[in-house]
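Structure assessment
Residue-level listing of the chains:
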Amino acid sequence: MTALIAVSGLSKEFVLHTQGGARIAVFEGLDLEVRGGECVCLHGPSGAGKSTLLRALYANYKPSAGHVRVLHDGRHVDLTRAEPREIVEVRRRSVGYVSQFLRVIPRVPALDVVAEPARTAGLPDAEARARALLARLNIPERLWSLAPATFSGGEQQRVNVARGFVLDYPILLLDEPTASLDAANRQVVVELILQAKARGAAVVGIFHDEQVRGQVADRLFEVASFRRNAA
Ligand SMILES: Nc1ncnc2c1ncn2[C@@H]1O[C@H](COP(=O)(O)OP(=O)(O)OP(=O)(O)O)[C@@H](O)[C@H]1O
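What you see as residue numbers is a count from 1 along each chain, following the sequence as written. Only residues with pLDDT of 70 or above have their local features reported here, since the model is predicted, and side-chain atom pairs are shown and tallied only from 80 upward, although totals for entire chains, interfaces and linings are computed over all residues.

Looking at an unreviewed UniProt entry, one finds the chain named Phosphonate C-P lyase system protein PhnL, with Chelativorans intermedius as its source organism. If you open the UniProt record of the chain and go to Sequence similarities (unreviewed entry), you find "Belongs to the ABC transporter superfamily." UniProt positions are given in the numbering used here, feature names are shortened, and annotations may be inferred rather than shown by experiment.

What follows is the structure, given as structure tokens:
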């Protein structure tokens, strides 16, 4: 079966131009393949480069070398070489990303924040999907018409998760999607991830919660082993 994500020879070094050009080498020559139905957990100590790798998979960071190929419309697109317009298309239909914190847009109600990716994709049941997810993630209905700016940390995270799952993305990138959640809501997110895997999605995530990791991850990927001079 073809990999949905194929990373090869990926290196990332940050150059701090405001600090005398200091260089921080995060990883070098990193290879990773993720297949449909598989969940890979990025693992390693703080500072290992887990978030940097996850962002590189979403073309948020330009790597210093290497390739990030993702399956889009039946062919592999190299995000390190793709035009901005193509990256927008890949993000619209093929790669979903749940960041740790919701980027709140003023005055946009939670229901619209969640429904937006499905509306943009032209799904006729976008609003129904958004309602179902908000209910499933236990966001009280009285909050659906309000902008999430004033929501609690956990409520904002659940709105963010709902937005990430409103479309059946073939590839899902999850940055600590349960960090601010109580046990009951953590379990809902675990079930959403398991469902995504069951329909064939390739999932890459950072999960600090050991129990969540144990339930969803098929394998751990040690990012630190690709540090320069790593043993
Ligand atoms: N935008 C940036 N500019 C400069 N250096 C950065 C930037 N982002 C990350 N780094 C550096 O890259 C290294 C890896 O950071 P990253 O956030 O990827 O680690 P992490 O494994 O996700 O850590 P944590 O578990 O603490 O979130 C760190 O040394 C960090 O200082």
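Bringing the environment of L57 into the picture now. Tracing the backbone shows L57 in helix 1 (residues 50–57). Since 22 C-beta atoms lie within 10 Å of it, L57 is described here as buried. Sequence separation of L57 and Q156 is 99 residues, and the distance between their C-alpha atoms is 24 Å. Runs of E in the DSSP output that reach at least two residues are strands. Runs of H or I that reach at least four are helices, and both are numbered from the N terminus. Whether a residue is buried, exposed or partly exposed is read from the other C-beta atoms within 10 Å of its own C-beta, which are placed from the backbone; 20 or more gives buried, 12 or fewer gives exposed, and intermediate counts give partly exposed.

As a further point, take the sheet that holds strand 2 (residues 22–35). For two strands to count as paired, DSSP must find a minimum of two bridges between them. Strand order in the open sheet made by the four strands is 2-1-4-5, with antiparallel pairing throughout. For this open sheet the edge positions go to strand 2 and strand 5 (75–78), each flanked by a neighbour on one side alone. Each neighbouring strand pair of the sheet contributes to a mean axis angle of 25 degrees, computed without reference to strand direction. With four bridges connecting them, strand 4 (residues 65–72) and strand 5 associate as antiparallel partners. The axes are straight lines fitted to the C-alpha atoms, using for helices just the contacting stretch, and the angles between their N-to-C directions are given from 0 to 180°.

To continue, consider the pairing of strand 3 (residues 39–43). Bridge count between strand 3 and strand 8 (residues 202–206): three bridges; the pairing is parallel. Within the sheet, the bridge partner assigned to C39 lies in strand 8 and is V203.

A few words on the nonpolar core. Inside soluble globular proteins, nonpolar side chains tend to come together where they are buried. Within the largest apolar cluster, 66 residues are counted, with the highest numbers of intra-cluster contacts made by V70, V114, A130 and A162. Any pair of residues counts as being in contact when their C-beta atoms, constructed from backbone geometry, are within 7 Å of one another. Apart from the residues lying within four places of it in its own chain, the contact partners of V114 are A130, L133, L134, V159, A162, R163 and V166. Note on definitions: a nonpolar core is a set of buried residues drawn from Ala, Val, Leu, Ile, Met, Phe, Trp, Tyr and Cys, linked by C-beta atoms within 7 Å.

Using the backbone to place each C-beta atom, any residue with that atom within 6 Å of a molecule or strand is considered near it. In the vicinity of the ligand, the contacting residues are F14, L16, I24, V26, G44, S46, G47, A48, G49, K50, S51 and T52. Put simply, the parts of the chain that give the shell around the ligand at least two residues each are strand 1 (3–16), strand 2 and helix 1. Considering every element that reaches the shell around the ligand, the biggest residue donor is helix 1, with three residues. Within the shell around the ligand, the residues separate by chemical class into five nonpolar, six polar and one charged. Under this grouping Gly is polar, as are all residues other than the nonpolar Ala, Val, Leu, Ile, Met, Phe, Trp, Tyr, Cys and Pro and the charged Asp, Glu, Lys and Arg.

Let us now look at helix 3 (residues 110–120). For helix 3, the set of buried residues is A110, L111, V113, V114, A115, P117 and A118. Downstream of helix 3 by a residue or two, G122 has a phi angle that is positive, lying close to 80 degrees.

Turning our eyes to something else, we now look at the environment of D112. Tracing the backbone through its elements, the reader meets D112 in helix 3. By the C-beta count within 10 Å, which is 17 here, D112 ends up partly exposed. Here the alpha-carbon distance between D112 and L146, two residues 34 residues apart in the chain, equals 9.7 Å.

Spatially, five strands are ordered 6-7-8-3-9 in an open sheet, and the strand pairing comes out parallel. The sheet terminates laterally at strand 6 (95–98) and strand 9 (219–222), the two strands that pair on one side only. Put simply, the sheet's adjacent strands are angled 20 degrees from each other on average, direction ignored. Across five bridges, strand 7 (residues 171–175) lies against strand 8 in parallel orientation. Directly across from L174, in strand 8, lies its bridge partner G205. Docked against the sheet, helix 6 (residues 183–198) engages strand 3, strand 7 and strand 8, running at close to 150 degrees with respect to strand 8.

So, about the packing of helix 3 against helix 4 (residues 126–136). Running from N to C, helix 3 and helix 4 point in directions that differ by 130 degrees, and their axes come no closer than 8 Å. By the criterion of interaxial angle, the relationship of helix 3 to helix 4 is oblique. Judged by the twist between their axes, the crossing of helix 3 over helix 4 is right-handed. For the pair helix 3 and helix 4, contact is made by A110, L111, V114, A115, A118 and R119 and by A126, E127, R129, A130, R131, L133 and L134, respectively. In the contact of helix 3 with helix 4, the residues fall into nine nonpolar, no polar and four charged. Angles below 35 degrees are treated as roughly parallel, those above 145 as roughly antiparallel, those between 65 and 115 as roughly perpendicular, and all remaining angles as oblique. Take the far helix as your reference; a near helix turned counterclockwise from it by less than a right angle gives a left-handed crossing, and one turned clockwise gives a right-handed crossing.

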